[in-house]
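Listed here are the chains, written in short residue letters.
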Amino acid sequence: MSVVFPAYNEEKNIDAAISDFLKTGVVDELIVVDNNSTDRTAAIAKQKGAKVVKEEKQGYGFALRAGIKVATGDLVILAEPDGTFEGKDILRLLPYSKNFDLVLGTRTNKKFIKRGANMGFLLRWGNILMAKLLQTLFAIPKITDCGCTLRLIRKRLLKKIIPKFTVGGAHFLPEMIILANQNSASIVEIPVNYRPRIGTSKITGNLAKATKVGLAMFFLILEYRLQLK
C-alpha cells in the first residue's frame, strides 16, 4: 500500500501526519509531494523516512498526480498531511478494496465531523449537492462528497486513467471519479472522520476560495457530461 500526501508548506503537521499513517502498520510506502514549499516540509518528511517527490507545477491536482505516478503499491491511498484525516481511517477503507476499485471517503456525515472542522453548513451542503449532480449525470452509485481527498484506488485502475487526467487544480478529485466510472470501475463511499486543520487551508479556507473550487467542479462535471453526447 502506498499513501500519497500533497504538501505545500505543511511543516506544522507533516511529522505527526507521517507518524499517524505509518503506525497503522499497513502502509508500505509514504510519498510526500513537495509542491514548491518554502518552509521545512520536505526536510522533515525526509527525516521521517517518507519518499519526497518534487512537483514544480503549482496545484493540488498536479501534486496528487505526481505522487500517483511514482506510487508502487497495488493499493494507493490519497490523503492530506494537515491533520484533517486520521491515519486509522485507512483501515476503514481497506476491507472494501476486495470488491471495489475505488473506495471514496465522505466528510459530510455529521457523526464523523469533529468540532472545529472546516465543514460548516454551506460547505457541507455544497459538497453534497455537487456529489449528487455527479451521481445523477453519470449514473454513479450513491455518493455524498466528490471532494474528499481520503480515498483508496487500485493501481490497475490508475494505470488506465493516469494518461487521461487533465486537471491540475483543486477540482482534480471529481475528475478521478468520472474517469473511474468511464472505465467501468466499481465505486463505493464510506464516512471518514474529519478534524480541524492544522494551519490555514489553501483550498477552502474562506467562502471565496470554496466558491471558486465549487464552480470549477461544476463546470468540469458539465464539460465531461457534454462530451458523452
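Worth saying up front: this structure is predicted, and the values here are computed from it rather than measured.

Calculation notes
Residue positions are given per chain, counting from 1 as you read along its sequence in written order. Per-residue local features of the predicted model are confined to residues with pLDDT of at least 70, and side-chain atom pairs are confined, for both listing and counting, to 80 or more; whole-chain, interface and lining totals are unaffected and use all residues. Hydrogens and water are ignored here; the side-chain numbers use all heavy atoms of the structure. Going along the chain from the N terminus, every DSSP run of H or I of four or more residues is numbered as a helix, and every run of E of two or more is numbered as a strand. Type-normalised accessible area, obtained with a 1.4 Å probe on protein chains alone, sets the label of each residue: buried when under 20%, exposed when over 50%, and partly exposed for intermediate values. Between two residues, a contact is recorded if the distance between any of their heavy atoms is within 4.5 Å. Axes, fitted as lines to C-alpha atoms, cover a helix only where it is in contact. Angles between the N-to-C directions of the axes lie from 0 to 180 degrees. Any angle from 65 to 115 degrees is called roughly perpendicular, while one under 35 is roughly parallel, one over 145 is roughly antiparallel, and all others are oblique. Here the term charged refers only to Asp, Glu, Lys and Arg, the term nonpolar to Ala, Val, Leu, Ile, Met, Phe, Trp, Tyr, Cys and Pro, and the term polar to all other amino acids, Gly among them. Here a salt bridge means any side-chain nitrogen of Lys or Arg lying within 4 Å of a carboxyl oxygen belonging to Asp or Glu. A clockwise path from the first strand over the helix to the second, with the strands pointing away from the viewer, defines a right-handed crossover. When DSSP finds at least two bridges between two strands, those strands are taken to pair. Only Phe, Tyr and Trp rings take part, Trp by its six-membered ring, and two of them pair if their centres are within 6.5 Å. Stacked means planes under 30 degrees apart, edge-to-face means over 60, and tilted covers everything else. We call a charge positioned above a ring when the Lys NZ or Arg CZ atom is no farther than 6 Å from the ring centre and deviates by at most 35 degrees from the ring normal.

## Focus: the side chain of Ser97
- Take Ser97: it is sitting in the loop between helix H4 (90–93) and strand E5 (102–106).
- Assessed through its relative accessible area of 7%, Ser97 is described here as buried.
- Residues within four places of Ser97 in sequence aside, it is in contact with Leu75, Val103, Leu152 and Arg154.

## Some details on the packing of helix H3 (residues 60–70) against helix H7 (residues 172–182)
- Axis separation between H3 and H7 bottoms out at 9 Å; the angle between their running directions is 50°. Judged on the interaxial angle alone, H7 and H3 are oblique. Within the contact between the two elements, H3 uses Tyr60, Gly61, Leu64, Arg65 and Ile68 and H7 uses Phe172, Leu173 and Met176.
- The residue makeup of the contact of H3 with H7, split by class, is six nonpolar, one polar and one charged.

## Observations concerning the pattern of salt bridges
- Summed over the entire model, instances satisfying the criterion amount to 11 salt bridges.
- Here Lys51 and Glu29 are joined by a salt bridge, their closest N and O atoms 2.7 Å apart. With Lys51 in strand E3 (residues 51–54) and Glu29 in strand E2 (residues 29–34), this residue pair connects regions lying 22 residues apart in the sequence.
- Here Lys51 falls in the partly exposed class, since its relative accessible area comes to 35%.
- Each of the salt bridges in this network shares a partner with another, and the network as a whole consists of Glu10, Asp82 and Arg197.

## Considering the pairing of strand E1 (residues 2–7)
- Burial runs high along E1: six of the six residues are buried.
- The alternating pattern of E1 places Ser2, Val4 and Pro6 on one face and Val3, Phe5 and Ala7 on the opposite face, and all of these are buried.
- Handedness of the β-α-β unit built from E1, helix H1 (residues 14–22) and E2 comes out right-handed.
- Where E1 and strand E4 (residues 75–78) come together, three bridges link them in parallel fashion. Each bridged residue has a counterpart across the sheet, and for Val4 the counterpart in E4 is Leu78.

## Things to note about the environment of Met1
- Relative to the assigned elements, Met1 resides in the segment before E1.
- Dropping the residues within four chain positions of it, Met1 is found in contact with Val26, Val27, Asp28, Glu29, Gly73, Leu75, Ile77, Ile90 and Leu94.

## Regarding the sheet that holds E2
- Spatial strand order, E3-E2-E1-E4-E6-E5-E7: seven strands in an open sheet with mixed pairing. Whereas interior strands pair on both sides, the edge strands pair on one side only; in this sheet they are E3 and strand E7 (187–191). Direction aside, neighbouring strands of the sheet carry axes that sit 25° apart on average.

## Points about the packing of aromatic side chains
- For the coordinates displayed, the defined rule picks out four aromatic pairs.
- Ring geometry for Phe85 against Tyr194: centres 5.6 Å apart, planes inclined by 55°, an arrangement best described as tilted. One end of the pair, Phe85, is in the loop between E4 and H4; the other, Tyr194, is in the loop between E7 and helix H8 (207–227), with 109 residues separating them in the sequence.
- Assessed through its relative accessible area of 8%, Tyr194 is described here as buried.
- Its end group placed over the ring of Tyr194, Arg107 keeps NZ or CZ at 5.4 Å from the ring centre.

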